[in-house]
Structures are given as structure tokens and as C-alpha cells.
Amino acid sequence: AQSVTQLDSHVSVSEGTPVLLRCNYSSSYSPSLFWYVQHPNKGLQLLLKYTSAATLVKGINGFEAEFKKSETSFHLTKPSAHMSDAAEYFCVVSYSGGYQKVTFGTGTKLQVIP
Amino acid sequence: SAVISQKPSRDICQRGTSLTIQCQVDSQVTMMFWYRQQPGQSLTLIATANQGSEATYESGFVIDKFPISRPNLTFSTLTVSNMSPEDSSIYLCSVKGQGSEQYFGPGTRLTVT
């Protein structure tokens, strides 16, 4: 069984300050982990993915995430928030089985204050 | 990454009617997925659609309510049948990328009155 927990439903940061969105996972197998972003009334966009290569993964728009097996975490960070980062972010876990089923976290809504 | 389009982008329907949502991909893919995103919620997988076989439904979803077609490797439809206001959601299709990531269509926003 696999699951993912996003620890914060809402995060508010000031423009120019760091962003931290927290995600913990549970998987019986070697997981693949992803972060997606969904802007209001828009589709889902893949930000970055971890698939058992480097533990520090760099994505688009300056985001990165670090896979920590000992902590079963995959937190998303960005050094400096921009107004355009305001959106909902989903942490997703998949495992390398043949079925390729993914499980979505409940989402974290990021607010960026000017 | 695949480019995915969905039709319609949004619709308002009366209860008791049915709506068929189309999903078109710009390349041939084996697996396509249908998700539901209820207002303010995360995504829930409805079913997996493989070409040439019956769709596989997740717990809580049945074929009579959400029939799916997959006639070829670039196209799929999801029908929401006998709709009620509780079916008001965004419906998204997705395809698996070369790795284990998925790419999503823009979604169909359905409102049932």
C-alpha cells in the first residue's frame, strides 16, 4: 500500500522569502515521487520527479525537492517566492510496479503576500 | 511530454442526464487514466483505460455510472451517467510518461443542477 501526507493545507509566505511545502510518504516498494502544481482554473503541471537517481531533484521555476528515505519525506522548497507561485501543490507517490497507480496528497495551497 | 486535450472544457447539465467527455492525446499511449477532482479536494482515480481491454475501476466507481471507451491508442471517453449534483467536479484524463510520471489534460469542469 502507498500513501502520501501533505502536512499543511495552507502555507502563506511573503514575496522574496523561502518556500517550504512538506510531504511524507509511505510505500511498500521503492517509490517514485512527484510534485505537481495547479494554478486556479488550470490543469496540473509536473514540477519535478524523483525516480531513484539523485536524491536532490531540481524542477521548473526554481523549485527543488530532496528525497530523504530515513525520514520518508519529499519536501518541496524554493529559495525566493514569487507572486506567480501562488497555486495549489500536490505531492504524488507511485511505485515501480506494473500497474503504475499513483496516489495524490490532499494538496497545499500556497499564498504569496506582496 | 504528451499534449492532451479534453472536450468540453466545461458544461452545465441537468440532473438525470449524461455527459460524455473526450480525451485526445498527440501520441500513442498504452495507459490512460481518468480522475475526478471534487471542489476543493485532491484528485481521485476513477479508472485506468487500456486500449483493447475493459477499463479497470477503482473502489467506489462502477462501470454503469462511469462507462469508459478506449477505441484506439490516442483517444478515450468517459461518460458520467444519470448525473446528480454530487457529480459536480473537474474530470481529468492523464497518460503515463516515459518514466512513471503522468501528464494531465486541462480538465472538464462539470456542474450539475
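Check the entry above for the structure.
We now turn to the structure provided with this report. Here the structure is a predicted model, which means the values were calculated and not measured. (Residues numbered from 1 in each chain as written. Chains lettered and ligands numbered in written order. Predicted model: local features only at pLDDT ≥ 70, side-chain atom pairs only at ≥ 80, totals over all residues. Heavy atoms only, no water.)

### What to know about the interface of chain B and chain A
In step 1: Contacts between the two partners involve 21 residues from chain B, matched on the other side by 19 residues from chain A.
In step 2: In total, about 1600 Å² of surface goes out of reach between chain B and chain A, with carbon and sulfur atoms giving 53% of it.
In step 3: Seen at the junction of chain B and chain A, the total is 1 salt bridge.
In step 4: Between chain B and chain A we count 4 residue pairs in polar contact (both at pLDDT 80 or more) in total.
In step 5: When residues of the side of chain B that touches chain A are traced back to their parent elements, those giving at least two are β4 (31–37), β5 (43–50), β9 (89–96) and β10 (102–104) of chain B.
In step 6: It is β4(B) that provides the largest number of residues to the side of chain B that touches chain A, a total of 4 residues.
In step 7: Each residue belonging to the side of chain B that touches chain A can be placed in one class, and the counts come to 9 nonpolar, 8 polar and 4 charged. (Contact = heavy atoms within 4.5 Å. Buried area = accessible area lost by both parts, 1.4 Å probe. Salt bridge = Lys/Arg side-chain N within 4 Å of Asp/Glu carboxyl O. Polar contact = N/O pair within 3.5 Å; in protein donor to acceptor, adjacent residues only side chain to side chain. Helix = DSSP H or I, 4+ residues; strand = E, 2+ residues; numbered from the N terminus. Nonpolar A, V, L, I, M, F, W, Y, C, P; charged D, E, K, R; others polar.)

### Focus: the nonpolar core
In step 1: By size, the foremost hydrophobic cluster in this structure holds 43 residues, and its most contacted members are F104(A), Y35(B) and I46(B).
In step 2: With near-sequence residues (within four places) excluded, F104(A) lies in contact with V4(A), L44(A), F90(A), C91(A), V92(A), Y35(B), S42(B), L43(B) and F104(B). (Core = buried A, V, L, I, M, F, W, Y, C linked by side-chain atoms within 4.5 Å. Buried < 20%, exposed > 50% of the residue type's maximum accessible area, 1.4 Å probe, protein only.)

### Things to note about the environment of H75(A)
All names here are of chain A.
In step 1: The topology assignment puts H75 in strand β9 (residues 73–78).
In step 2: Exposure remark for H75: the relative accessible area of 22% places this residue in the partly exposed category.
In step 3: Taking C-alpha positions, H75 is 5.2 Å from C23, a pair spaced 52 residues apart along the chain.
In step 4: Setting aside chain neighbours within four positions, we find H75 in contact with L20, L21, R22, C23, N24, W35, E64, A65 and E66.

### Points about the environment of P114(A)
Residue and element names in this part refer to chain A.
In step 1: Here P114 lies in the segment after β12 (108–113).
In step 2: Owing to a relative accessible area of 80%, P114 belongs among the exposed residues under this scheme.
In step 3: Counting along the chain gives 35 residues from P114 to P79, while the straight-line C-alpha distance between them is 16 Å.
In step 4: When neighbours within four sequence positions are excluded, P114 is seen to be in contact with E15 and M83.

### Structural notes on the packing of aromatic side chains
All names here are of chain A.
In step 1: Going through the model one piece at a time under the given rule, you end up with 13 aromatic pairs over all chains.
In step 2: Centroid distance Y50 to F74: 6.3 Å. Interplanar angle 50°. Geometry classified as tilted. With Y50 in strand β6 (residues 44–50) and F74 in strand β9, this pair connects stretches of sequence that are 24 residues apart.
In step 3: Where F63 meets Y89, the ring centres are 5.6 Å apart and the plane angle is 45°; that geometry is what we call tilted. Within this pair, whereas F63 is found in the loop between β7 (56–58) and β8 (64–68), its partner Y89 is found in strand β10 (residues 87–95), the two being separated by 26 residues in sequence. Like Y89, F63 is buried. (Phe/Tyr/Trp six-rings, centres within 6.5 Å; stacked < 30°, edge-to-face > 60°.)

### A closer look at the sheet that holds strand β8 (residues 75–80) of chain B
Residues and elements named next belong to chain B.
In step 1: Read from one edge of the open sheet, 4 strands run β1-β3-β8-β7, paired in antiparallel fashion. Looking along the sheet, the strands with just one partner apiece sit at the ends: β1 (4–7) and β7 (68–72). Pairwise comparison of adjacent strand axes, ignoring direction, gives a mean angle of 15° for this sheet.
In step 2: The pairing of strand β3 (residues 19–25) with β8 spans 6 bridges and is antiparallel. From the neighbouring strand, Q24 faces β8, where its bridge partner is F75. (Pairing = 2+ DSSP bridges. Axes fitted to C-alpha atoms, helices over the stretch in contact; angles between N-to-C directions.)

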